[in-house]
Amino acid sequence: MAIESSGRGFTLTLFVLSCVFAGRQAEAAAPEPRGNTRILGMRLEKSDLPAETTERGVIQVTEGSNTLLRFYGLHLFPDSSKLIGFTELYTSVIENDTHGAIMVHVNRTCSELTKDIVVSGSMNVSNENTSGLLQVRIKQLRKSEVVKVFGLCVRGKDDREPVWSMLDDIDGRLRVVEEEKSLLPIWLQAIIIAFLLVLSGMFSGLNLGLMALDPMELRIVQSCGTEKEKKYARKIEPIRRKGNYLLCSLLLGNVLVNTTLTALLDDLTKSGVGAVIASTIGIVIFGEIVPQALCSRHGLAVGANTVLATKLFMLITFPLSWPISKILDCVLGQEIGTVYNREKLVEMLKVTEPYNDLVKEELNMIQGALELRSKTVEDVMTPISNCFMIHSDAVLDFNTMSEIMESGYTRIPVYEDERSNIVDILFVKDLAFVDPDDCTTLKTITKFYNHPVHFVFHDTKLDSMLEEFKKGKSHLAIVQKVNNEGEGDPFYEVLGLVTLEDVIEEIIKSEILDESDLYTDNRTRKKVAPNKNKRDFSAFKHESESKVKVSPQLLLAAHRFLATEVSLFSPSQISDKVLLRILRHPDVIQEIKFSESEKRSPHHYVYQRGKPVDYFVLILQGRVEVEAGNENMKFETGPFSFYGVMALSAPTLEFRSPSHLSGLNRTASLSGADRTDSLSISGSNSQLNNSIPLQQYTPDFYVRALSDLQFVKITRAQYQNGLMASRLDSTPQSPESGHNMVRMDQNTPPATANTTITDLGADSTPTENGPDETTLLLLNEQNSPHTANHHSQLENSI
């Protein structure tokens, strides 16, 4: 019984152990039990159409798209996709729904799931079962719908009845928007965009090309352009006259085209930034740079060939552009065009000189004519110091008339006292009937013709001066101004001369030279090249004529003054005839031309202190300054003041018997060889004269010219020769000498008989024991009937 009992227990134990083991294996083989699936949220992963998450955190997708969403939660499994659904929250016909975040009061229980969002396939779960990807398909919206918002619904797995509950209001929303479709097909949009770029370029180019052609320029082109330019100008001119209307039409068309182009590019690129970049590049290159560069050079041709298109756009934009243009006309006034004044025309000619077909001379003439009104006579006149003028007291002898002819001027001012006091005008043609041998005074001629003297002010414009010259009254005018500087009353100051030639030279911008001109320009004083064919009148000049001409009245006054006021020239010393011959000597009457810039120049001094001299001076015309004494006292003197009387007070000559004189008289008519032999006979007399030292006069004063001077300068030698001639003239003649004189007169050639005081010069040396050859010539001239008659006629004329 015990063994059976123990057998049963062992069997029971084995059964229990096997059951336990089997149970453990079954427990090990069985899966771990599943927990409750819980979905917490979702986010956008990707979509085949535009999709994004709005700034409010709402997922936004496009209708008709396949979207991949990632769901987050706990205990997610592949079949968890059956626990996900969507319900419709609201629909909007506009997109202004705060990006799908409008708060709506809905039941937390999803009563009905939408069929517009289809959940397809199983969920691709991650290893931790906390997230998974799920593919959903969004159906197309209805035509009236623009935006539709859906809410995420989930249900529990163990629920026997499908109860769907809505997830959080914002995090579980899905916003569906309609798909953005192009307005036009892409190929049509590309054609329109290209056409708009062409229109934009045309408007931009015409705006520059047509508006740059002002009406004034179009009129000029119609008159003086080529045949093509004239044709183009005639086409453009009617629409260009309506400047503001044309401008408004072109600008409106340009703006309309550019905005349309940008809109099409935005629709084509589906990106605002891309549209802006593309439109900017296209408009700048093809709508601005290229057409404006073309029209700036060929605006006339482009405008004429597109005139029909321009008129069409003017008609299209008429309702808006015409009223605006009328307002602009009223506010801004009528468009006149570009008008150039003188300065602008001159500058335009200078700037365009390399490109126009004007030669330099033509350009200078145009510039000179345009600048004529801006210049005054003072700019082109010849200063008074450089003018060739004649004193009214001048005598029209051969020297004066040859000087006039050599000057080359046809109109010469005549002055009195001072060069600034111009009283007459001498025409060279007035001298046609004047004989130089008559020594007619200048006043006689000027009073006969009585040419008017034309005075103008220094600020007279050259165009006005030209008009005055064109009237024919005079082709020379005296330039003067009112001098009111310093104390005293204002006075007219003569500045210079202006001639018609000066004005013409200023117009042509070049110097006019003739065969007698000495200077190329009176202002720069540039001398012309020496003229080999210049006429020299010195061959017709008589050697005995004076270099400086004075009137016969002044010569007579000087003669009477010396004879009566200076004792050395009294009739008891020198006879009237001899004194007159001395005054008529060519070297006796001299002149000094005063230069204001060289007041202290040595040639202005007549006498200098401490410098020995041998001449006497009588002032005829002008003023001098005398400085004398240890105190250097200065005073001024004028005409008929004399100096250097003591310079003539030298040892007098002693004469021998008349027989010796008659022998000397005979030498006057000898030939050159015989004359030399005769002079050699009296060589002892010359040696006796050389043994006596000559006294020199040294002044202790200065005499300096203050203006142009004319003065009588008689040297000691000339005075002694005149003194000798006077004494010989008063010496009784012996019969032998008279016989010899008659014989000499018979054998004397005419040339010897006409000999005058010319040989009585400064180079002559006085002889003490007898007269020299010059004295004999004076005696011969006195005793010659022809010479006597000749001088008597001169004295009567004086």
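## Examining a nonpolar patch on the surface
- On the surface, a nonpolar cluster with roughly 730 Å² of combined accessible area is contributed by Val273, Ile277, Ile281, Val284, Ile285, Phe286, Ile289 and Val290.
- Take Ile281: it is sitting in helix α6 (residues 272-305).

## Focus: a negative patch on the surface
- Together, Glu95, Glu178, Glu180 and Asp266 line one region of the surface with negative charge.
- Along the chain, Asp266 falls in helix α5 (residues 243-269).
- With a relative accessible area of 34%, Asp266 lands in the partly exposed category.

## Digging into the packing of aromatic side chains
- Counted by the stated rule, this structure contains 15 aromatic pairs.
- Pairing Phe388 with Tyr409 gives two aromatic rings, centres 6.2 Å apart and planes at 20°, and the pair type is stacked. Of this pair, Phe388 sits in the loop between β11 (382-383) and β12 (390-391) while Tyr409 sits in the loop between α12 (398-407) and β14 (411-415), placing them 21 residues apart in sequence.
- Put simply, the rings of Phe561, Phe569, Phe616, Phe640, Phe642 and Tyr719 touch in pairs and so form one group of aromatic residues.
- The positively charged end of Arg411 is found above the aromatic ring belonging to Phe427, 5.0 Å away from the centroid.
- One residue, Lys713, lies across the ring of Tyr615, its end atom 4.2 Å from the ring centre.

## Focus on the state of the cysteines
- According to the stated counting rule, one finds 1 disulfide in the structure shown.
- Paired through a disulfide, Cys110 and Cys153 show a sulfur-sulfur distance of 2.0 Å. On the sign convention where negative is left-handed, the bridge of Cys110 and Cys153, at about -85° about the S-S bond, is left-handed. With Cys110 in the loop between β5 (84-92) and β6 (117-125) and Cys153 in strand β8 (residues 147-155), this residue pair connects regions lying 43 residues apart in the sequence.

## Section: the sheet that holds strand β28 (residues 701-705)
- With antiparallel pairing, the 4 strands of this open sheet are ordered in space as β23-β28-β25-β26. Strand pairing shows two members of the sheet lacking a second neighbour, β23 (605-607) and β26 (633-637), which therefore form its edges. On average, adjacent strands in this sheet sit at an angle of 25° to one another, irrespective of strand direction.
- Sheet topology note: the β23/β28 ladder contains 2 bridges and is antiparallel. Note on β28: the bridge partner recorded for Tyr605 is Arg704.

## A look at unusual backbone geometry
- Even without a glycine there, the phi angle at His75 is positive, about 55°.
- Inspection of the secondary structure assignment puts His75 in the loop between β4 (66-74) and β5.
- Owing to a relative accessible area of 38%, His75 belongs among the partly exposed residues under this scheme.
- Even without being a glycine, Asn450 presents a positive backbone phi close to 50°.
- Tracing the chain through its elements places Asn450 in the loop between α13 (442-449) and β17 (455-457).

## What about the pairing of strand β19 (residues 491-499)?
- Pairing of β11 with β19, which is carried by 2 bridges, proceeds in the antiparallel orientation. The residue of β19 that forms the bridge with Thr382 is Leu497.
- The pairing of strand β18 (residues 476-483) with β19 spans 8 bridges and is classified as antiparallel. Residue Leu476 lies in a different strand from β19, and its bridge partner there is Thr499.

## A look at the side chain of Thr637
- Its location among the elements puts Thr637 in strand β26.
- Polar side-chain contacts of Thr637 include one of 2.6 Å to the side chain of Tyr643.
- The contacts of Thr637, once residues within four sequence positions are left out, are Gly622, Arg623, Val624, Val626 and Tyr643.

## A look at α13
- Taken as a whole, α13 has its buried residues at Leu442, Ile445 and Thr446. Mapping the buried residues of α13 onto a view down its axis gives an arc of 95°, with all of them on the same face. Facing away from the buried side of α13 by more than 90 degrees, the exposed set consists of Lys447 and Phe448.
- Where α13 is buried, its residues contact β12, β13 (395-396), β14, β15 (422-427) and β16 (440-441).
- Asn450 sits one or two residues past α13 and shows a positive phi near 50°.

## Observations concerning a positive patch on the surface
- On the surface, a cluster of positive charge is contributed by Lys228, Lys231, Arg234 and Lys235.
- One can find Lys228 in helix α4 (residues 227-241).

## Describing the pattern of salt bridges
- In the structure shown here, the tally under the stated rule is 19 salt bridges.
- Note that Glu371 is salt-bridged to Lys509, the shortest N-O span being 2.9 Å. You can see Glu371 sitting in the loop between α10 (360-370) and α11 (377-380) and its partner Lys509 sitting in the loop between α15 (500-508) and β20 (519-521), a full 138 residues away along the chain.
- Judged by its relative accessible area of 16%, Glu371 is buried.

Reading the values: rules and limits
All residue numbers refer to positions counted from 1 along the written sequence of the respective chain. Two thresholds apply to this predicted model, a pLDDT of at least 70 for residue-level local features and 80 or more for giving and counting side-chain atom pairs, whereas whole-chain, interface and lining totals are computed over all residues. By convention in this description, side-chain values take in all heavy atoms of the structure and omit both hydrogens and water. Distance thresholds for patches are 9 Å for like charges and 5 Å for nonpolar side chains (Val, Leu, Ile, Met, Phe, Trp, Tyr), applied to residues having over 30% relative accessible area and no salt bridge. The accessible surface values rely on the Shrake-Rupley method and a 1.4 Å probe; as for residues, cover is taken only from the protein chains in view. Any Lys or Arg side-chain nitrogen located within 4 Å of an Asp or Glu carboxyl oxygen qualifies as a salt bridge. Only DSSP runs of H or I with at least four residues qualify as helices, and only runs of E with at least two residues qualify as strands; both kinds are numbered from the N terminus onward. In this tally, Lys and Arg are treated as positive and Asp and Glu as negative; His is ignored, and so are the chain termini. In plain terms, the charge of a residue is placed at NZ if it is Lys, CZ if Arg, CG if Asp and CD if Glu. When accessible area is computed with a 1.4 Å probe and restricted to protein chains, residues below 20% of their type maximum are described as buried, those above 50% as exposed, and intermediate ones as partly exposed. Stacked, tilted and edge-to-face pairs are distinguished by plane angle, under 30 degrees for stacked and over 60 for edge-to-face with tilted covering the rest, among Phe, Tyr and Trp rings (Trp via its six-membered ring) whose centres lie within 6.5 Å. Sitting over a ring, as applied to charges here, requires NZ of Lys or CZ of Arg to be within 6 Å of the ring centre and within 35 degrees of the ring normal. For this text, the term disulfide refers to a pair of cysteine sulfurs within 2.5 Å. One requirement defines pairing of two strands: DSSP has to find at least two bridges between them. For every element, the axis is a line fit to its C-alpha atoms; helices are fit only across the contacting stretch, and the angle between N-to-C directions ranges from 0 to 180 degrees. What qualifies as a polar contact is a pair of N or O atoms within 3.5 Å, subject to a donor-acceptor requirement within protein and to the restriction that residues adjacent in sequence count only when both atoms come from side chains. Contacts were defined at the residue level, with two residues in contact if any of their heavy atoms lie within 4.5 Å. Throughout, the arc means the angular range of directions from the helix axis out to the C-beta atoms.

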